[in-house]
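# Understanding the architecture of this molecule
Here are the chains, one letter per residue:
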Amino acid sequence: RIATISQVSPPDRQEGSGAVVSNATFHRGETVSTGPGERTRLVVGAQSIAMDENTDVVLSDLRDESLGIRVIRGRVYVDGPVTVTTNFASTVTESGALTVVNYDFLETVSIAPLFTTAAVTIKGSPSIKTEKPVSVHETPPVSIVEIPFDVTAASVAEFYQWAMR
């Protein structure tokens, strides 16, 4: 199965510019990246993965029953069941939507389940289930704390308005 780019922003990016272009296809194991000021939406079957600027994602599993991605850095919004991994964390949802922000330089991940419950596991730790947004510090001392999350906050509103369409 493949992932197809259905939408890019800004829409005037050119083939060969190094940027992702509409209708490009990707397979399991490939990396999709966005640069400064760029966004892209991948479609995998009935699901979509919206990627904000400066985001790198590895497509780890593209099967109907188990979409899986690895967020190397940046912000994603995924609708439907998904497994999202980062360096040390794994987050699984069975419905709804999920947004994950990997602040790779801080070794911290923000995880916000939307309209669902997420199972969050950090390597070597038991899984927790949450319906609330959490911040995970992935390296010792590992911590998981509830955080505020607002899709209308000025710094992220434009991305979430675009991603949730």
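Going by the structure above, here's the rest.
Calculation rules
- Residues numbered from 1 in each chain as written.
- Predicted model: local features only at pLDDT ≥ 70, side-chain atom pairs only at ≥ 80, totals over all residues.
- Heavy atoms only, no water.
- Helix = DSSP H or I, 4+ residues; strand = E, 2+ residues; numbered from the N terminus.
- Buried < 20%, exposed > 50% of the residue type's maximum accessible area, 1.4 Å probe, protein only.
- Contact = heavy atoms within 4.5 Å.
- Areas by Shrake-Rupley, 256 points an atom, 1.4 Å probe, with all protein chains shown as cover.
- Pairing = 2+ DSSP bridges.
- Phe/Tyr/Trp six-rings, centres within 6.5 Å; stacked < 30°, edge-to-face > 60°.
- Core = buried A, V, L, I, M, F, W, Y, C linked by side-chain atoms within 4.5 Å.

On a plain count of helices and strands, the protein comes out with one helix and 15 strands. Expressed as a percentage of its 165 residues, the buried residues of the protein come to 47%. By sequence separation, contacts in the protein at least 24 residues apart represent 41% of the contacts at least 6 residues apart. Only carbon and sulfur atoms are counted for the fraction: they give 53% of the accessible area of the protein, which is about 8,200 Å².

What follows deals with the pairing of strand β15 (residues 143-146). Pairing of strand β14 (residues 134-137) with β15 involves four bridges; the strand directions are antiparallel. Note that in β15 the partner of Val-136 across the bridge is Ile-144. From the end of β14 to the start of β15, which pair antiparallel, there are five residues.

Right, let's talk about the pairing of strand β4 (residues 39-44) for a bit. Buried residues dominate β4, accounting for five of its six residues. Pairing geometry for β4 and strand β5 (residues 47-51), over five bridges, is antiparallel. Across the sheet, the residue bridging to Leu-42 is Ile-49, located in β5. Linking two consecutive strands that pair antiparallel, namely β4 and β5, is a turn of two residues; a positive phi of about 60 degrees is found at Gly-45 within it.

Bringing the environment of Ser-125 into the picture now. On the secondary structure map, Ser-125 appears in the loop between β12 (118-122) and β13 (128-130). Relative accessible area serves as the criterion here: at 30%, Ser-125 is assigned to the partly exposed category. Here the alpha-carbon distance between Ser-125 and Ala-89, two residues 36 residues apart in the chain, equals 9.7 Å.

Next up on the list: the packing of aromatic side chains. Summed over all chains, the structure comprises five aromatic pairs. With a centroid separation of 6.5 Å and 90 degrees between ring planes, the pair formed by Tyr-103 and Phe-105 is classed as edge-to-face. A residue is classified by how much of its surface remains accessible, and Phe-105, at 65% relative accessible area, is exposed. An angle of 45 degrees between the planes, with centres 6.0 Å apart, marks the rings of Phe-159 and Trp-162 as tilted. With a gap of three residues between them, Phe-159 and Trp-162 both fall in helix α1 (residues 157-163), about one helical turn apart. We classify Phe-159 as buried; its relative accessible area is 2%. On the basis of relative accessible area, Trp-162 is assigned to the buried category, the value being 5%. Grouping aromatic residues by their ring pairs yields a cluster made of Tyr-77, Phe-149, Phe-159, Tyr-160 and Trp-162.

All right, on to the nonpolar core then. Core analysis: the biggest nonpolar cluster contains 28 residues, and Leu-42, Ile-49, Leu-59, Ile-69, Val-76 and Ile-111 have the highest contact counts within it. At five residues, strand β7 (residues 66-79) tops the list of elements feeding residues into this core. Sequence-distant contacts of Ile-111, that is, excluding residues within four places in its chain, are made with Thr-91, Leu-98, Thr-99, Val-100, Val-120, Lys-132, Pro-133, Val-134 and Val-136. Judged by nonpolar contacts, the second largest core, of nine residues, contains Ala-50, Ala-97, Leu-114 and Phe-159.

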